[in-house]
Amino acid sequence: MIRQEKVKDIYQNLVELKYQLYNSLFLTLPLDAVEQASLLIPLLDEAGRNGLNEGRNPQQIIDDFLDLHRPNASEKERTQFLFKVIQYVERQVVLVDALEDAAYVEVNQTESLNRLRELIERIESNHLQDRFANLLEKFSARVILTAHPTQFYPGPVLGIITDLTAAIKKNDVAQARDLLQQLGNTPFYNKEKPTPYDEAIQLSWYLSNIFYPVFGEILDSIAAVGGIDDDCFNAQLLSIGFWPGGDRDGNPFVTTDTTRRVVEKLRSNIIECYHREVRELKRRLSFSGIYDELDAIEERFYLELSGEVEECFESVEEIRERLDAMAEVLEEKYQGLYLDLLQSFRRKLQVFGFHFATLDIRQDSRVLRGIFEAIVAAQPELLPADFDSRDEQEQIVALLTITGEVDVSKHEDPLFLDTIECIRAIKDIQKRNKERACQRYIISNCAGARDVATLIALFRLAGWQEGELSVDIVPLFETVRDLQSAGASMSALYSIAPYRKHLESRNNKQTVMLGFSDGTKDGGYLMANWAIYTAKEDLTAASREAGIEVAFFDGRGGPPARGGGNTYKFYSALGRKIESNEIQLTVQGQTISSYYGTRDAAKHNFRQLLSAGMENNLFEHPERELTQSQRDLIVQLASISHDKYLAFKAHPLFLPYLEEMSTLHYYAQSNIGSRPAKRGGSSQLKFEDLRAIPFVGAWGQLKQNVPGYFGVGSALKAMEEQGRLDECKALYRDSRFFEALLGNSMQSMCKTNFQLTAYMADDPKYGEFWNLIHDEFQLSKEMVLKVSGQNQLLADAPSNRYSIALRQQIVLPLLLIQQYGLMKLNSFSDEEQETNELFPIYEKMVIRTLFGNINASRNSA
């Protein structure tokens, strides 16, 4: 309670009060949107709150407001005013982002909650340095940056946020005022979709400005532990994965040319970082025998950056050897002065190499199957004549040992040709930037062993010879059915000699990716999370039995419905039955900017991530192990919630509701990402083709957040009716996994606002369906509070609660305008949609409201 009050005071003083100050400053700026909208926004906010409390719908609220404050305006002029409101609120959200970033250390109490420091202190007090050194040789944590379209800030706006944050930290009001004025004149949306290369360029900013210095700081702090030297560190203790330019799943705009360009961009970025750091080193290491050596290294970097040479050094090992020689001189002649700076640079070289981040290649299993089938159709001699009559294991062996080469001259399909070219390009990338530059191929929607074998067959047919496949084949299991059979699928693969031979060349390590997003879309919140947890246990057991080390790669999105939420709680909740020598997870869009957008935030979240995984390996944690009775209870809860969700998903109005009453249709028109909103080219929406991001995002825009809780309330209520509520309370108290599960669900519920869409309860078509959703929300909220013992949602996470409340308050006008636009659009007849000039204006209005709402939520998609 004391900590909660402290956080409340900090948040109010450093964020809420400063928001009032800087927002009042914003009102004085000579900006068109400010002059037209700013004075009326508080009145619109008040009218909205009062109107929703009185049960009026958004169209009534907005129309009455405009009748009062724009009485003589035409309908077109009224829409123009609403666009000004949207523009102003968008910038208010940026102000909150900057204020929270500036207060990040204080609000999140990063020093008192520094888990990594606590871990190191515990290691030293228990004299576990040797054990810790052994762990450092094998443990790794990797964050993979994806280009999934959940970030609505264009690059210039991100730059303004960074500078505004710095000005706020220094209390430089004059600079903040200028930046707010710049913000008011800077566009918030892309007129055209970005290319995959554009997305890579935008994300590369984080690599150079955040990850490079932060990784150095964290590695230096670990190296300071007594008895730990640099030889203990494995090269991937901390590392970055990268998907822009490599993720082909459903994105026809990613080509091999894109892949090559992105790899070169990453190389040039890391060399720029090295070049800059060597110049800084020269300022301190100005000693005879060292300065000239650093100068020579700097010159080599410059020559590559200027294009005068193709490669500055053959490998980073060459540079490290020179640094080691310099270190000896420092110790012998200069009392080791500034040796720590030299060693810090050496560690970065080890982590980042010449690749900076590992580019992952990903493609859907159905595409890969289709390409292989096309090859065989054109060259049937590649497979044994009796292939179709063989059993599955024999077929898999035939695929794994296939010989020959694809004749690309027999094919014209661009996707086919590019897939084969990409597989061949990986060789070139590895030759130039070493293996870590591009060493994984991920199979989306992997159904089992055959899909893995099919991809290896494609590699062999594309020219990769026996024994030289320096690529990890990573199956991605996503649906509940595939998750439940994942252990058996991999066990079958491990038993096949050719695949075991491949794994031996990969240090007997198998990476498996698990999809939270599509798992939740497929089976609901509780079942998806439990299916992933048990899949990890099954995969761990199967791998250990086969003598294989499995590494789990979690495809997590921003919101809890896509695997988001508290990362430390999630990874610290895994028991010993789940392999945890590596932590790998995707981050995207707003999650990148909110978790890793500043050095303070990135340092805190990386420290939490490392400590969560290391704790699991170093200490016994009984609260992280599930007893059989706890497992039985979770199975029942998951089963009940699964049935509830499946019935909901099977409702005939499920997809029509999303298409007609939400913003689902408009995600693809927002130009925030290069990837289409759904897989496949069919004009008819099919649930299986619907991507998780627009699916979850549409529910978030409605402020209903269905995927983050639906079925939870029904499951807990069923236990209560069986007289087992105390068992659920005990489960929450004693199981860190279940506590994290319900805590993340609370976050989803905390961001709802059913008043906004309460008018749908009376809709002749969708009224019953809306009530079905609302009833489950109310039940879930009631039961989660009962089980957790909290008196309000997120009572134990005050900083999150206060942030959500402030942001919900600011975007209420946007939410009202969005619903107003949707209601207007639904009122147009088919003929009017083609002829009325206002129809595209209202469409644009709905699209524009997406930006501010998404950014305010920070992890809503």
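On a predicted model such as this, the values are computed, not experimentally measured, just so you know.

**Thoughts on the overall build of the protein chain**
For the protein chain, the helix and strand inventory stands at 37 helices and nine strands. For the protein chain, the spread of C-alpha atoms along the three principal axes comes to 80 × 75 × 60 Å. Counting every position in the protein chain, which comprises 861 residues, the buried fraction comes to 62%. Pairs at least 24 apart in sequence give 82% of the contacts found in the protein chain among residues at least 6 apart. Total accessible area computed for the protein chain in this model is approximately 32700 Å², and 47% of it derives from carbon and sulfur atoms. Measuring between centres, the 94 positive side-chain charges of the protein chain sit 2 Å from its 123 negative side-chain charges.

**Topic: the nonpolar core**
Core analysis: the biggest nonpolar cluster contains 281 residues, and Phe301 and Trp699 have the highest contact counts within it. Residues contacting Trp699, with those up to four places away along its chain left out, are Phe648, Phe654, Tyr657, Leu658, Gln704, Asn705, Val706, Pro707, Phe769 and Ile773. Membership of the second largest hydrophobic core comes to seven residues, among which are Trp243, Ile442, Val474 and Leu476.

**Thoughts on the pattern of salt bridges**
According to the stated counting rule, one finds 51 salt bridges in the structure shown. Across the pair Asp364 and Arg366 runs a salt bridge whose closest N-O atoms are separated by 2.9 Å. Of the residues examined, Asp364 reaches a relative accessible area of 4% and is grouped as buried. Overall, Arg366 belongs to the partly exposed group, its relative accessible area being 38%. Here the salt bridges share partners, and the residues they tie into one network are Glu264, Arg267, Glu304, Glu311 and Arg432.

**Regarding the sheet that holds strand 2 (residues 238-242)**
With parallel pairing, the nine strands of this open sheet are ordered in space as 3-2-1-9-8-7-6-5-4. For this open sheet the edge positions go to strand 3 (358-359) and strand 4 (361-364), each flanked by a neighbour on one side alone. The strands touched by helix 24 (residues 525-546) are strand 7 (509-515) and strand 8 (549-555); relative to strand 8, the strand with the most contacts, the crossing angle is about 160°.

**Points about the pairing of strand 6 (residues 472-477)**
In terms of residue burial, strand 6 counts as a mostly covered element, since six of its six residues are buried. Of the two faces of strand 6, the one lined by Asp472, Val474 and Leu476 and the one lined by Ile473, Pro475 and Phe477 are each fully buried. As judged from the four bridges shared by strand 5 (residues 440-444) and strand 6, these two strands associate in the parallel manner. When the bridges of strand 6 are listed, Arg440 appears paired with Asp472. Regarding topology, helix 19 (residues 449-461) serves as the crossover connection from strand 5 to the parallel strand 6, and that connection is right-handed. Looking at chain direction, strand 6 and strand 7 are connected through two bridges and run parallel. What sits directly across from Leu476, in strand 7, is Met513.

**Things to note about helix 11 (residues 196-223)**
A rise of 1.5 Å per residue sets the reference length of helix 11, with its 28 residues, at 40 Å; its end C-alpha atoms lie 37 Å apart and thus fit the reference within 8%. At Phe211, helix 11 is bent by approximately 35°, the largest bend along its length, and proline Pro213 sits one to four residues beyond. Taken across its 28 residues, helix 11 has 20 buried, putting it largely inside the fold.

**Examining the pairing of strand 5**
Taking burial as the measure, the five residues of strand 5 include five buried ones, the bulk of the element. Side chains Arg440, Ile442 and Ser444 of strand 5 all project onto a buried face; the interleaved residues Tyr441 and Ile443 project onto the opposite face, where all are buried too.

**Section: the side chain of Ser470**
Structurally, Ser470 is set in the loop between helix 19 and strand 6. Here the side chain of Ser470 touches Gln430 through a polar contact of 2.5 Å, side chain to side chain.

**Description of the environment of Asp231**
Mapped onto the fold, Asp231 is located in the loop between helix 11 and strand 2. Asp231 gets classed as exposed once you look at its relative accessible area, which sits at 65%.

**A word on unusual backbone geometry**
Despite not being glycine, Tyr338 has its phi angle at roughly 65°, a positive value. With respect to the element layout, Tyr338 can be found in the loop between helix 14 (316-333) and helix 15 (339-352). Phi is positive for Lys434, which is not a glycine, with a value near 75°. Residue placement: Lys434 occurs in the loop between helix 18 (414-433) and strand 5.

**Regarding the packing of aromatic side chains**
Tallying each qualifying case throughout the model produces 43 aromatic pairs. Taken together, a centroid distance of 5.6 Å and an interplanar angle of 15° make the contact between Phe215 and Phe352 stacked. One end of the pair, Phe215, is in helix 11; the other, Phe352, is in helix 15, and 137 residues separate them in sequence. The pair formed by Phe215 and Phe352 is uniform in burial state, with each residue classed as buried. Taken together, a centroid distance of 6.2 Å and an interplanar angle of 40° make the contact between Phe654 and Phe695 tilted. Of the two residues, Phe654 sits in helix 29 (residues 654-661) while Phe695 sits in helix 30 (residues 692-701), which places them 41 residues apart along the sequence. By the burial criterion, Phe654 is buried, and Phe695 matches it. For the cation-ring pair, Arg300 lies above Phe313, with the distance from its terminal atom to the ring centre recorded as 4.3 Å. Positioned over the ring face of Trp464 is Lys427, at 5.4 Å from the centre of the ring.

**A look at the packing of helix 32 (residues 725-734) against helix 34 (residues 767-788)**
Taken N-terminus to C-terminus, the directions of helix 32 and helix 34 make an angle of 70°; their axes are 8 Å apart at the nearest point. Between helix 32 and helix 34, the interaxial angle falls into the category roughly perpendicular. Touching Leu725, Cys728, Lys729 and Tyr732 of helix 32 are Met783, Lys786, Val787 and Ser788, all from helix 34. Residues that form the contact of helix 32 with helix 34 fall into these classes: five nonpolar, one polar and two charged.

**Overview of the side chain of Ser489**
Considering the arrangement of structural elements, one finds Ser489 in helix 21 (residues 486-494). Not counting the four nearest positions on each side in its chain, Ser489 is found in contact with Ala447, Gly448, Ala449 and Phe477.

**Thoughts on the environment of Val587**
Positionally, Val587 belongs in strand 9 (residues 582-588). The exposure class assigned to Val587 is buried, which follows from its relative accessible area of 4%. With residues near it in sequence (within four places) discarded, Val587 still touches Val143, Ile144, Leu145, Thr146, Ile592 and Tyr596.

**Considering the state of the cysteines**
The bond known as a disulfide is covalent and runs between the sulfur atoms of two cysteines. Applying the stated rule across the entire model yields zero disulfides. Left unpaired, Cys312 is separated from the closest cysteine sulfur, that of Cys273, by 13 Å.

**Re the packing of helix 33 (residues 736-750) against helix 34**
Contact geometry for helix 33 and helix 34: axes closest at 11 Å, N-to-C directions at 140°. Relative to helix 34, the element helix 33 lies oblique. Judged by the twist between their axes, the crossing of helix 33 over helix 34 is left-handed. Two secondary-structure elements touch here, helix 33 through Phe738, Leu742, Met746 and Met749 and helix 34 through Phe777, Ser780, Lys781, Val784, Val787 and Ser788. Taken together, the residues of the contact of helix 33 with helix 34 sort by class into seven nonpolar, two polar and one charged.

**With respect to helix 8 (residues 129-136)**
When helix 8 is considered as a whole, its buried residues turn out to be Gln129, Phe132, Ala133, Leu135 and Leu136. Taken end-on, helix 8 shows its buried residues confined to a sector of 160°, consistent with a single buried face. Considering only its buried residues, helix 8 is in contact with helix 7 (115-125), helix 11 and helix 27 (599-618).

Rules behind the numbers
Residues numbered from 1 in each chain as written. Predicted model: local features only at pLDDT ≥ 70, side-chain atom pairs only at ≥ 80, totals over all residues. Heavy atoms only, no water. Helix = DSSP H or I, 4+ residues; strand = E, 2+ residues; numbered from the N terminus. Buried < 20%, exposed > 50% of the residue type's maximum accessible area, 1.4 Å probe, protein only. Contact = heavy atoms within 4.5 Å. Areas by Shrake-Rupley, 256 points an atom, 1.4 Å probe, with all protein chains shown as cover. Lys, Arg positive; Asp, Glu negative; His and termini not counted. Charge placed at Lys NZ, Arg CZ, Asp CG, Glu CD. Core = buried A, V, L, I, M, F, W, Y, C linked by side-chain atoms within 4.5 Å. Salt bridge = Lys/Arg side-chain N within 4 Å of Asp/Glu carboxyl O. Pairing = 2+ DSSP bridges. Axes fitted to C-alpha atoms, helices over the stretch in contact; angles between N-to-C directions. Right-handed = clockwise from strand over helix to strand, strands pointing away. Expected span 1.5 Å × (residues − 1). Bend = angle between axes of the 7 residues up to and from the residue. Polar contact = N/O pair within 3.5 Å; in protein donor to acceptor, adjacent residues only side chain to side chain. Phe/Tyr/Trp six-rings, centres within 6.5 Å; stacked < 30°, edge-to-face > 60°. Lys NZ or Arg CZ within 6 Å of the ring centre and 35° of its normal. Parallel < 35°, antiparallel > 145°, perpendicular 65-115°, else oblique. Nonpolar A, V, L, I, M, F, W, Y, C, P; charged D, E, K, R; others polar. Disulfide = S-S within 2.5 Å. Left-handed = near helix turned anticlockwise from the far one by under 90°. Arc of directions from axis to C-beta.

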